[in-house]
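Secondary and tertiary structure notes
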Amino acid sequence: MTVDDAADSPLSDLEHDRSRLGRSSTAERVADILRDRVTEGFFEPGQRLSEEAIADALGVSRNTLREAFRLLGHEGLLDHRLNRGVFVRILSAEDVADLYRVRRVIEGAAVRRRPSGQELAVIREAVADAERAAADDDWRGVGTANIRFHQALVTLNQSPRLDEAMRQLLAELRLVFHVMKNPRAFHEPFVTRNRKLLELLEADRPDEAAAFLEAYLDDAEQLLVRAYEPNR
């Protein structure tokens with residue numbers, strides 16, 4: 001290949017994209033921050049996101065923020081409404097059913113694997129955090145710890161792709177939690193069930209852990225779907 005041929009190759013086009021790397025990486029970092037805030041329950045479904053306020057708070061440009069909004073829109077967390085702005089997405093009962101369909105596959109596979117000591121330590125920490133938050137009557141904190149618990153379960157699959165898929169799924173799930181008018185009534189039983197599931201993993205009883213998780217997810221899904229019924 002001659003020098004002229006190389007200049008016309010696809011690689012030469014990539015050189016013109018270098019200037020985009022900084023902006024793209026910044027937008028992705030902003031999207032990560034906002035996704036974390038959704039997962040932590042700081043934004044509610046239907047809430048309009050102020051472009052000016054968020055850009056100022058994060059110290060980023062409007063263009064960077066808009067790109068982050070687009071990324072989160074592709075993940076199903078935000079809705080772009082023409083001439084109205086960007087809103088946190090409102091999920092449906094059908095969305096709940098699909099989220100739990102995916103959870104059964106990803107988490108069910110995870111609990112059948114033998115966890116390492118370090119993996120168990122992260123799961124134990126999430127369980128303990130939920131128990132402390134429950135003792136403090138901090139039910140948003142319980143919800144956040146519960147999400148961390150399930151994220152930690154998925155790491156047992158030892159797949160970065162599944163970890164990333166679960167992060168996005170759990171952010172959507174947190175939006176579903178807002179449908180529960182009494183967060184204590186919803187979260188409290190699962191604090192104990194998380195502890196039980198941890199004990200099954202510690203005891204190296206994967207089949208029992210998988211069966212326990214299946215019933216756990218069935219019950220959680222039914223509670224959430226029922227909460228949507230008055231609005232359907």
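See the structure shown above.
These numbers come from a predicted model, not from an experiment.

Quick look at the sheet that holds strand S1 (residues 48–49) now. In space, the 3 strands of this open sheet follow the order S1-S3-S2, with antiparallel pairing throughout. Two strands lie at the open edges of the sheet, namely S1 and strand S2 (78–81), each paired on one side alone. Strand contacts of helix H5 (residues 62–74): S1, S2 and strand S3 (85–88), with the helix running at about 115° to S2, the strand carrying the most contacts.

In this section: helix H7 (residues 117–135). Taking 1.5 Å of rise per residue, 19 residues should cover 27 Å, and H7 covers 27 Å from first to last C-alpha, within 8% of that figure. Among the residues making up H7, those that are buried are Glu119, Leu120, Ile123, Ala126, Val127, Ala128, Asp129, Ala130 and Ala133. Buried positions along H7 lie against helix H8 (139–154) and helix H10 (183–202). Asp137 sits one or two positions beyond H7 and adopts a positive phi of about 60°.

Looking now at the packing of aromatic side chains. One pass over the full model with this rule turns up 3 aromatic pairs. Feature note: the residues Phe177, Phe186, Phe190 and Tyr216 constitute an aromatic cluster, connected by ring pairs. Across the ring face of Phe42, the terminal group of Arg37 is positioned such that the distance to the ring centre comes to 4.7 Å. One cation-aromatic arrangement involves Arg140 over Phe42; the distance from NZ or CZ to the ring centre is 4.2 Å.

This paragraph deals with the packing of H8 against H10. The interhelical angle for the contact between H8 and H10, taken along N-to-C directions, is 30°, at an axis separation of 10 Å. Of the two elements, H8 crosses H10, and the hand of that crossing is left-handed. Mapping the contact onto sequence places Trp139, Val142, Gly143, Asn146, Phe149, His150 and Leu153 in H8 and Pro183, Arg184, His187, Glu188, Val191, Asn194, Leu197 and Leu201 in H10. Tallied by class, the residues present in the contact of H8 with H10 amount to 8 nonpolar, 5 polar and 2 charged.

Okay, the side chain of His150 next. The residue His150 is located in helix H8 in this model. Setting aside anything within four residues of it in sequence, one finds His150 in contact with Arg103, Glu107, Met166, Leu170, Asn194 and Tyr216.

Note that S2 and S3 share 4 bridges and pair antiparallel. Bridge assignment links His80 to a residue of S3, and that residue is Val86. Linking two consecutive strands that pair antiparallel, namely S2 and S3, is a turn of 3 residues; a positive phi of about 65° is found at Asn83 within it.

Residue His150 is classed as buried on the basis of its relative accessible area of 1%. Through-space distance from the C-alpha of His150 to that of Arg167 is 9.7 Å; in sequence the pair is 17 residues apart.

We now examine unusual backbone geometry. The backbone of Asn83 shows a phi angle near 65°, a positive value even though the residue is not glycine. Residue placement: Asn83 occurs in the loop between S2 and S3. What makes Asn83 exposed here is its relative accessible area of 77%.

Reading the values: the criteria
- Each chain has its residues counted from 1, following the order in which its sequence is written.
- Totals for whole chains, interfaces and linings use all residues, but because this is a predicted model, local features are given only for residues with pLDDT of at least 70 and pairs of side-chain atoms are given and counted only at 80 or more.
- As a rule here, side-chain values cover all heavy atoms of the structure and leave hydrogens and water aside.
- At least two DSSP bridges between two strands are required for those strands to pair.
- Helix and strand assignments follow DSSP, with helices taken as H or I runs no shorter than four residues and strands as E runs no shorter than two, numbered in order from the N terminus.
- Residue contacts are defined here by distance: any two heavy atoms, one from each residue, within 4.5 Å place the two residues in contact.
- Here, axes are lines fitted to C-alpha atoms. For helices the fit covers the stretch in contact, and angles between N-to-C directions go from 0 to 180 degrees.
- The length a helix should cover is 1.5 Å for every residue beyond the first.
- The cut-offs for exposure are 20% and 50% of the maximum accessible area for each residue type, with area from a 1.4 Å probe on protein chains only; residues under the lower value are buried, those over the upper are exposed, and the others partly exposed.
- Aromatic rings from Phe, Tyr and Trp, with only the six-membered ring used for Trp, were paired whenever their centres fell within 6.5 Å, and each pair was classed as stacked if the ring planes differed by under 30 degrees, edge-to-face if by over 60, and tilted otherwise.
- Two conditions define a charge sitting above a ring: the NZ of Lys or the CZ of Arg must be within 6 Å of the ring centre, and it must be within 35 degrees of the ring normal.
- Note: crossing handedness is left-handed where the near helix turns anticlockwise from the far helix by less than a right angle, and right-handed where it turns clockwise.
- Amino acid classes used here: Ala, Val, Leu, Ile, Met, Phe, Trp, Tyr, Cys and Pro are nonpolar; Asp, Glu, Lys and Arg are charged; the rest, including Gly, are polar.

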